[in-house]
There are 4 protein chains.
Amino acid sequence: MPGNSFGQAFRITTAGESHGPANVVIIDGVPPGIPLSVEDLMVDLNRRRPGQSHIVTQRDESDTPEILAGVFEGRTTGTSVAILIRNQDQRSKDYGNIQDTYRPGHADYSFDAKYGFRDYRGGGRSSARETTVRVAAGVLAKKILKQAFNGQVIGYVTQVGDIKAHIPDPAQVTQAQVETLPSGEPNIIRCPDLVAAAQMIELIEAIRKDGDSIGGAAEVVATHIPAGLGEPVFDKIKADLAKALFSLPAVLGVEYGIGFGCVTMRGSQHNDHFIPAPELAHNGQPGITTDTNRHGGMLGGITTGLPLILRAAVKPTSSLPIEQLTVNKQGEPTTVRTKGRHDPCLLPRFIPMAEAMVAIVLADHWLRWQSQTSKS
Amino acid sequence: MPGNSFGQAFRITTAGESHGPANVVIIDGVPPGIPLSVEDLMVDLNRRRPGQSHIVTQRDESDTPEILAGVFEGRTTGTSVAILIRNQDQRSKDYGNIQDTYRPGHADYSFDAKYGFRDYRGGGRSSARETTVRVAAGVLAKKILKQAFNGQVIGYVTQVGDIKAHIPDPAQVTQAQVETLPSGEPNIIRCPDLVAAAQMIELIEAIRKDGDSIGGAAEVVATHIPAGLGEPVFDKIKADLAKALFSLPAVLGVEYGIGFGCVTMRGSQHNDHFIPAPELAHNGQPGITTDTNRHGGMLGGITTGLPLILRAAVKPTSSLPIEQLTVNKQGEPTTVRTKGRHDPCLLPRFIPMAEAMVAIVLADHWLRWQSQTSKS
Amino acid sequence: MPGNSFGQAFRITTAGESHGPANVVIIDGVPPGIPLSVEDLMVDLNRRRPGQSHIVTQRDESDTPEILAGVFEGRTTGTSVAILIRNQDQRSKDYGNIQDTYRPGHADYSFDAKYGFRDYRGGGRSSARETTVRVAAGVLAKKILKQAFNGQVIGYVTQVGDIKAHIPDPAQVTQAQVETLPSGEPNIIRCPDLVAAAQMIELIEAIRKDGDSIGGAAEVVATHIPAGLGEPVFDKIKADLAKALFSLPAVLGVEYGIGFGCVTMRGSQHNDHFIPAPELAHNGQPGITTDTNRHGGMLGGITTGLPLILRAAVKPTSSLPIEQLTVNKQGEPTTVRTKGRHDPCLLPRFIPMAEAMVAIVLADHWLRWQSQTSKS
Amino acid sequence: MPGNSFGQAFRITTAGESHGPANVVIIDGVPPGIPLSVEDLMVDLNRRRPGQSHIVTQRDESDTPEILAGVFEGRTTGTSVAILIRNQDQRSKDYGNIQDTYRPGHADYSFDAKYGFRDYRGGGRSSARETTVRVAAGVLAKKILKQAFNGQVIGYVTQVGDIKAHIPDPAQVTQAQVETLPSGEPNIIRCPDLVAAAQMIELIEAIRKDGDSIGGAAEVVATHIPAGLGEPVFDKIKADLAKALFSLPAVLGVEYGIGFGCVTMRGSQHNDHFIPAPELAHNGQPGITTDTNRHGGMLGGITTGLPLILRAAVKPTSSLPIEQLTVNKQGEPTTVRTKGRHDPCLLPRFIPMAEAMVAIVLADHWLRWQSQTSKS
């Protein structure tokens with residue numbers, strides 16, 4: 001049954017495999033009149049692209065998108081937008097070793113158990129390559145947030161292995177800090193704590209030399225999000241954001257605000273107190289905020305106007321160049337070794353994916369808000 | 001826009017407030033012929049019920065459900081099932097103090113920001129009282145899992161404050177252990193580690209005397225779930241399960257398998273290896289399992305046949321009998337104190353809610369599996 | 001799989017059988033602040049009610065609704081609304097004759113073929129009794145249309161058997177004409193052509209004496225609907241309206257505008273010409289209308305601002321007090337005779353049902369329009 | 001809000017305009033293992049193609065599809081299928097005359113009213129060119145029906161202007177009769193009554209010489225469809241089929257079975273009687289059918305096992321080479337003349353579109369049936 005669509009009012013539907021002809025996304029519900037160009041899309045696609053630095057996979061893909069529909073004279077028309085990204089590097093590999101062998105940590109076995117067979121080339125539909133078009137859709141979602149209320153979604157790496165970044169105030173991190181070092185060089189690990197960033201890169205380089213991989217964590221922060229987005233029961237904004245992040249490959253945990261830190265807290269320590277914020281008053285409404293933000297910008301599943309703060313745990317890449325024990329399709333013991341290129345740490349390229357998914361949820365809930373609550 | 005439905009093939013839709021006449025659920029997509037009675041529903045409703053022990057809220061509700069539709073002569077007919085649970089204790093309280101005041105940690109402010117006003121009585125739609133009918137729907141979901149493949153969903157408390165339970169093997173925990181002490185007395189904290197259980201109860205009693213509350217964590221384990229459930233991209237089983245748990249009140253974090261523990265691991269440590277499991281062979285398929293279960297029974301968003309293992313972080317109850325700083329609707333500083341009864345720790349009553357949501361996701365994905373993959 | 005919900009932004013979900021305890025509807029996506037009372041609901045429920053005149057079924061039901069949720073102090077809160085209508089006359093009948101026998105024209109056989117068994121009492125879920133709660137939901141939809149743009153939905157009978165009403169201008173028919181005769185007596189057939197109305201009633205009385213039933217047709221007109229509602233491809237407004245009307249029991253055909261009359265027309269005869277309508281100018285937009293309305297207010301699946309005009313063909317009641325040939329569950333020839341009360345002609349009670357479904361579609365598309373196109 | 005998806009279990013989502021780069025469809029929920037090739041798709045695409053005969057539009061399009069995803073080694077994988085059809089003839093035309101002028105009978109004005117502007121080239125998203133990919137998806141739907149129960153969907157023209165075909169038994173019409181004359185020449189009008197077919201062609205040729213167009217009607221018949229498909233309330237099979245046909249451009253009316261003919265009938269004349277059909281007995285179920293098929297194979301919104309019979313009224317092409325009165329964007333009177341090629345009668349090319357939509361609904365309801373009712 002359909003599982004390739006996401007969102008209710010801003011809805012994306014995708015198709016595509018790692019080594020098929022292309023990945024494609026149809027984006028439905030887009031407001032008319034939003035400027036959209038291939039160049040706009042390339043900004044985040046380049047941040048997700050393989051080969052962007054020496055600590056990510058060296059697969060050769062330009063990831064140049066083609067806008068097939070829904071844009072006329074540079075603006076969205078209100079009809080469904082389609083974006084195509086062709087796979088270029090798809091015919092060169094030999095997959096004999098994984099056709100019949102189940103790679104540990106991968107979806108090879110579960111796909112076979114579900115469908116009876118699978119497109120085994122590069123992981124087929126289970127490859128993170130399908131996230132190219134999510135990132136493209138995220139560009140459009142970010143534009144909607146920007147236009148509606150100057151909303152911004154910024155992600156960054158907070159931990160790689162044992163190395164933790166120190167981020168004094170998540171809401172103050174800028175895209176520039178995440179992407180660029182003071183020297184003007186790219187911040188290839190996308191961690192705004194530059195001391196930690198350097199250590200993370202060093203660790204990843206060492207891990208790669210070992211033929212191994214390493215896990216990590218990322219934080220995504222959304223600012224200028226108005227109070228009132230989200231639905232009270234099942235489509236709580238926290239629930240849709242969690243689903244969005246968990247729908248990304250390799251995510252094993254998600255938390256927001258104080259997250260798992262709440263387990264050991266008392267209510268009197270945990271509750272954020274509402275306080276006056278006259279500078280936020282508008283439309284005759286008094287300005288209200290909280291003194292702290294342990295609630296991560298969401299209460300009762302609805303935004304409070306405070307910055308949304310989410311964190312995700314990302315497992316170490318399952319593909320390893322070293323030999324791993326496993327079984328083949330017949331259930332017989334064997335070993336497998338993933339030839340070729342892989343990311344020793346998924347985090348740097350995870351950032352644009354996570355930002356895209358968060359932006360898509362927020363754009364969706366903004367359009368849902370308009371549906372029910374606007375006074376047009 | 002609609003946010004009161006959950007699930008694609010097994011879909012529940014709910015309505016109801018804490019102090020309105022009733023809560024109601026419509027369950028759509030139910031296979032015909034499943035036995036269902038009020039007594040069946042009462043089993044889990046009693047586990048969720050207020051007043052069940054001295055460590056939970058003492059609100060007086062019998063929570064007796066009425067089956068309004070979709071059941072004939074004791075069996076589901078295949079048409080939509082409706083279940084009604086009336087509120088009994090709804091007229092007795094005085095809510096003057098929260099009508100105009102925003103309780104810290106509650107949805108009062110975010111509801112007003114969204115809708116312009118709210119049913120303030122007992123939290124209205126944001127009250128956990130809406131979970132009554134989720135638990136009722138969960139009973140039907142559990143029956144589907146049981147009938148289809150002897151599937152079972154068991155939840156239990158793993159941590160309250162600093163007290164952690166030791167659970168040697170999550171897949172071996174039984175419902176009896178969670179519900180009943182060896183003495184035959186009820187296990188009111190629903191923690192199968194009896195030493196930890198006693199300490200947790202002691203802690204909760206102390207916290208309550210302080211007029212405070214305490215957070216905790218719970219684990220939900222689903223066993224006998226066949227490999228192949230879940231969808232490859234957005235509706236990964238992990239994503240739908242996470243959304244389900246995050247849709248419950250007070251959940252700030254969710255993880256599965258090794259969860260946040262993956263952040264510091266290397267791939268070579270993290271990957272579970274596939275091994276032969278001849279005892280699982282069936283229909284000409286070889287039996288395959290993994291040596292460890294850090295993947296929590298899901299790879300690529302699809303079940304592997306291993307037990308599903310999830311954990312949720314639950315914040316301390318926001319309602320406190322002690323005075324808290326806040327503002328009123330006009331944005332002016334004031335204080336609020338929640339009169340009356342509340343749970344000093346949400347965890348004991350969280351267990352049946354979490355089980356219900358996990359069962360609903362699994363029943364949904366089972367029916368989705370049948371739609372696409374069965375050979376009827 | 002779920003088939004008991006209708007609408008995307010304004011979504012209704014129903015449950016209930018003819019002789020079960022009750023019918024219930026959950027209405028999701030309702031804007032906050034709309035006044036709603038039991039009295040409001042009764043207006044259309046009384047128009048649908050059995051026993052309202054001597055030409056409809058004499059089943060005894062007061063159809064008094066109870067608002068279970070989503071309304072606080074007389075106004076919708078924005079959270080899901082639930083409305084309950086109990087069956088009162090549900091235990092009195094003997095259904096022995098239809099338990100094992102398939103009534104011609106009814107869903108008895110197709111239900112058994114689908115589900116293996118059925119709630120046979122009074123038709124169970126296939127009874128038109130489920131439309132009570134659709135009519136209740138329609139009241140809320142009508143209020144949304146009224147509030148947003150003074151929209152109005154009026155239905156009336158245009159044909160019973162061979163007797164055709166003459167309606168000079170569908171857009172000029174008033175609710176008063178449909179409901180009340182100049183004498184102040186109720187217009188029990190709901191046909192605004194009073195000469196035809198009298199003949200229709202006479203025909204129905206004669207048909208009933210014969211122990212037979214008769215078909216008919218109805219027209220539904222929606223006025224003051226702004227241009228721009230509807231979606232270009234699958235959710236064309238004409239497609240959603242047709243589905244809405246076809247979802248009602250006994251509807252065998254639907255057409256809009258010139259309808260089947262287009263088959264024999266040339267394009268040059270058929271096309272309506274756009275003409276200036278300065279009186280409709282607003283917001284800097286020129287006023288535009290068409291000289292004729294063969295297009296029934298919809299072009300390309302999107303409203304044009306002209307009145308929407310739809311017609312439905314309604315079959316003669318299948319339940320007949322005379323003996324009909326059929327088979328039993330074992331496939332053996334037998335006869336069946338429907339005891340008790342039935343409508344000799346469905347049309348008078350069809351009108352409020354059809355109005356409700358049209359209003360629900362329009363409210364849904366209005367909220368969808370707001371989602372994508374409003375400038376809040 | 002999203003309106004570019006159709007179906008619940010077998011779900012298609014489309015994008016594309018008449019003169020943009022391409023049209024694309026994503027098909028979700030497809031069972032794995034179904035053979036699918038470009039050649040398979042071409043069969044129906046060629047039946048829909050412009051330029052296939054002298055009585056249809058002469059636009060030059062090869063309509064060669066590219067399968068982008070979801071098919072591996074010639075079989076569907078179970079993951080989402082994407083099909084791309086590029087527009088070739090899209091840059092050659094001059095649209096100056098329709099950029100600012102509203103063509104009568106077209107969606108130009110309603111699109112502008114909805115979105116504020118439009119892709120005016122060849123009608124943009126409102127062009128019937130978007131049906132290319134529906135027809136491609138229909139091929140896959142037909143394969144599912146064929147494989148599951150030897151189901152077949154056949155459409156044909158029953159009327160053009162005043163010329164009516166005589167079809168003794170709709171269930172006996174074959175694809176060969178519809179497509180090919182006894183001489184081996186193509187049956188370019190797709191009417192199996194060859195006498196009427198010749199007259200229809202003659203009429204269309206005359207109409208075209210007049211610079212005019214003509215309406216018509218088509219019938220679609222689905223055979224070997226098992227009893228039990230469809231949902232009792234909103235997703236009645238008749239309702240979904242009607243929506244499917246009304247979602248096609250130019251359809252103004254839909255009926256099934258006896259259709260509008262029921263209006264003048266008595267119940268005793270209208271009801272089909274159930275009779276034994278021992279030859280249909282299976283799985284211990286007695287064979288049951290009806291003596292006549294005025295019910296068009298559907299009762300209570302659920303199939304009965306009899307052939308499904310639907311009819312649609314298709315308006316005359318709105319584009320005319322003769323001058324028509326209209327207004328421009330400023331609301332000023334002007335005239336418009338559609339240059340270039342158009343279909344003088346839409347019916348011949350409507351047939352594969354209508355078949356596709358009917359097949360998609362039936363495949364969807366088959367997968368929905370499996371979800372809820374199969375015993376896998």
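Everything below is about the structure shown above.
One structure accompanies this document, and this report is about it. (Residues numbered from 1 in each chain as written. Chains lettered and ligands numbered in written order. Predicted model: local features only at pLDDT ≥ 70, side-chain atom pairs only at ≥ 80, totals over all residues. Heavy atoms only, no water.)

**Quick look at the interface of chain B and chain A**
Then comes step 1: Counting residues at the interface gives 111 residues for chain B, matched by 112 residues for chain A.
Then comes step 2: For the pair chain B and chain A, the two sides together bury roughly 8,700 Å², of which 63% comes from carbon and sulfur.
Then comes step 3: Area buried by chain B at its contact with chain A is led by Met1, Lys114 and Phe234 of chain B, which between them contribute 11% of it.
Then comes step 4: Across the chain B-chain A interface, the total number found is 10 salt bridges. (Contact = heavy atoms within 4.5 Å. Buried area = accessible area lost by both parts, 1.4 Å probe. Salt bridge = Lys/Arg side-chain N within 4 Å of Asp/Glu carboxyl O.)

**A short note on the environment of proline 226 of chain C**
All names here are of chain C.
Then comes step 1: Relative to the elements of secondary structure, proline 226 occurs in the loop between β10 (216-223) and α7 (237-246).
Then comes step 2: Under the relative-accessibility criterion, proline 226 is labelled partly exposed at 26%.
Then comes step 3: Dropping the residues within four chain positions of it, proline 226 is found in contact with Phe149, Thr303 and Gly305. (Helix = DSSP H or I, 4+ residues; strand = E, 2+ residues; numbered from the N terminus. Buried < 20%, exposed > 50% of the residue type's maximum accessible area, 1.4 Å probe, protein only.)

**Describing unusual backbone geometry**
Then comes step 1: Phi is positive for asparagine 283 of chain A, close to 50°, though the residue is something other than glycine.
Then comes step 2: Judged by its relative accessible area of 73%, asparagine 283 of chain A is exposed.
Then comes step 3: Residue arginine 190 of chain C is not a glycine yet carries a positive backbone phi of 60°.
Then comes step 4: Note on arginine 190 of chain C: relative accessible area 4%, which makes it buried.

**Overview of the packing of aromatic side chains**
Then comes step 1: In the structure shown here, the tally under the stated rule is 38 aromatic pairs over all chains.
Then comes step 2: Seen in terms of ring centroids, phenylalanine 260 of chain C and phenylalanine 260 of chain D are 5.7 Å apart; in terms of plane orientation they differ by 65°. Their pairing is edge-to-face. Taken together, the residues span two chains, with phenylalanine 260 of chain C in the loop between β11 (251-256) and α8 (267-270) and phenylalanine 260 of chain D in the loop between β11 (251-256) and α8 (267-270).
Then comes step 3: With a centroid separation of 5.7 Å and 70° between ring planes, the pair formed by phenylalanine 111 of chain D and tyrosine 115 of chain D is classed as edge-to-face. Pair noted here: phenylalanine 111 of chain D and tyrosine 115 of chain D are both in helix α3 (residues 108-115), with a separation of 4 residues, about one helical turn.
Then comes step 4: Take phenylalanine 111 of chain D: its relative accessible area is 6%, and that puts it in the buried class.
Then comes step 5: Each member of the aromatic cluster is reached from another via a ring pair, and the members are Tyr102 and Tyr109 of chain A together with Phe274 of chain B. (Phe/Tyr/Trp six-rings, centres within 6.5 Å; stacked < 30°, edge-to-face > 60°.)

**With respect to the relation of the copies chain D and chain C**
Then comes step 1: Rotating chain D by 180° and translating it 0.0 Å along the rotation axis places it on chain C, where the RMSD comes to 0.0 Å. Such a turn and shift between the copies fits a two-fold axis.
Then comes step 2: By residue overlap, the copies meet face to face through one surface: 99% of the interface positions of chain D are interface positions in chain C. (Least-squares fit on C-alpha atoms with pLDDT ≥ 70 in both.)

**Overview of the sheet that holds strand β7 (residues 81-86) of chain A**
Strand pairing in a sheet takes place through backbone hydrogen bonds and is either antiparallel or parallel in direction.
Residues and elements named next belong to chain A.
Then comes step 1: Pairing is antiparallel across the open sheet formed by 5 strands, whose spatial order is β1-β2-β3-β7-β4. Whereas interior strands pair on both sides, the edge strands pair on one side only; in this sheet they are β1 (5-6) and β4 (65-69).
Then comes step 2: By the bridge criterion, 4 bridges tie β4 to β7 in an arrangement that is antiparallel. Opposite glutamate 66, over in β7, you have leucine 84 as the bridge partner. (Pairing = 2+ DSSP bridges.)

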